[in-house]
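What follows is each chain in one-letter form.
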Amino acid sequence: MALILIRGENNSKILNAIADIERHANLNVVSKPKIIDSDFADNLVEKILNAKLRTKSDVATAFMTKEDTTFSIMQIKKIHPPAHVVIVSDEYEGYKDLMNKLNNAEELTGYYSHKSKESGMKDYKSKTYGSKMNNQKVAINK
């Protein structure tokens, strides 16, 4: 599993970055994104990069993905999300601090996974699918 930290200007950009990670990088988010203090996130990223950041973030979040760290890095490199995405490996000294913060942090509001909870194809002939369709109201325009 990989730990992903995202820094950004606002919640909208953070949510778009998470959606890009799921849709275009094809990574599977396994934990709800949690709100992380932006100053803590900025300091952690500065330690990881061994450089000062040009801009400070206003919002930060972190979450786990199903895929391993190396694969996650390679997939993130292929996309251009609207926020700063950092994969935090367990080799960095701030990894444990970030994991501790994740355990006590609030969930990021507005996040939902676009990926289907069911894997595989849907059986449209099954009785359960048919009953769901029959229970829905159909609006007819006249």
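Below or above, wherever it landed, is the structure these notes cover.

Reading the values: the criteria
- Residues numbered from 1 in each chain as written.
- Predicted model: local features only at pLDDT ≥ 70, side-chain atom pairs only at ≥ 80, totals over all residues.
- Heavy atoms only, no water.
- Pairing = 2+ DSSP bridges.
- Helix = DSSP H or I, 4+ residues; strand = E, 2+ residues; numbered from the N terminus.
- Axes fitted to C-alpha atoms, helices over the stretch in contact; angles between N-to-C directions.
- Contact = heavy atoms within 4.5 Å.
- Core = buried A, V, L, I, M, F, W, Y, C linked by side-chain atoms within 4.5 Å.
- Buried < 20%, exposed > 50% of the residue type's maximum accessible area, 1.4 Å probe, protein only.

Section: the sheet that holds strand E4 (residues 84-88)
For step 1, the next point in the chain: In spatial order, the strands read E2-E3-E1-E4; together these 4 strands make up an open sheet with antiparallel pairing. One side of each edge strand has no neighbouring strand; the edge strands of this open sheet are strand E2 (34-36) and E4. Taken over all neighbouring pairs, the strand axes of this sheet differ in orientation by 30° on average, direction set aside.
For step 2, the next point in the chain: Against the sheet, helix H3 (residues 69-77) touches strand E1 (2-8), strand E3 (59-65) and E4, its axis set at about 165° to E4.

Quick notes on the nonpolar core
Side chains of nonpolar character tend, in soluble globular proteins, to be buried together.
For step 1, the next point in the chain: If you look at the biggest cluster of nonpolar residues, it comprises 19 residues, and the most contacted ones within it are Ile4, Ile6, Ile18, Ile21, Phe63 and Ile76.
For step 2, the next point in the chain: Breaking this core down by element, the ones donating at least two residues are E1, helix H1 (11-23), E3 and E4.
For step 3, the next point in the chain: Looking at this core element by element, the count peaks at 4 residues for H1.
For step 4, the next point in the chain: In contact with isoleucine 4, not counting residues within four places along its chain, are Ile21, Leu27, Thr61, Ala62, Phe63, Thr65, Val85, Val86 and Ile87.
For step 5, the next point in the chain: If you look at the next biggest cluster of nonpolar residues, it comprises 17 residues, including Leu3, Ile36, Ala41 and Leu102.

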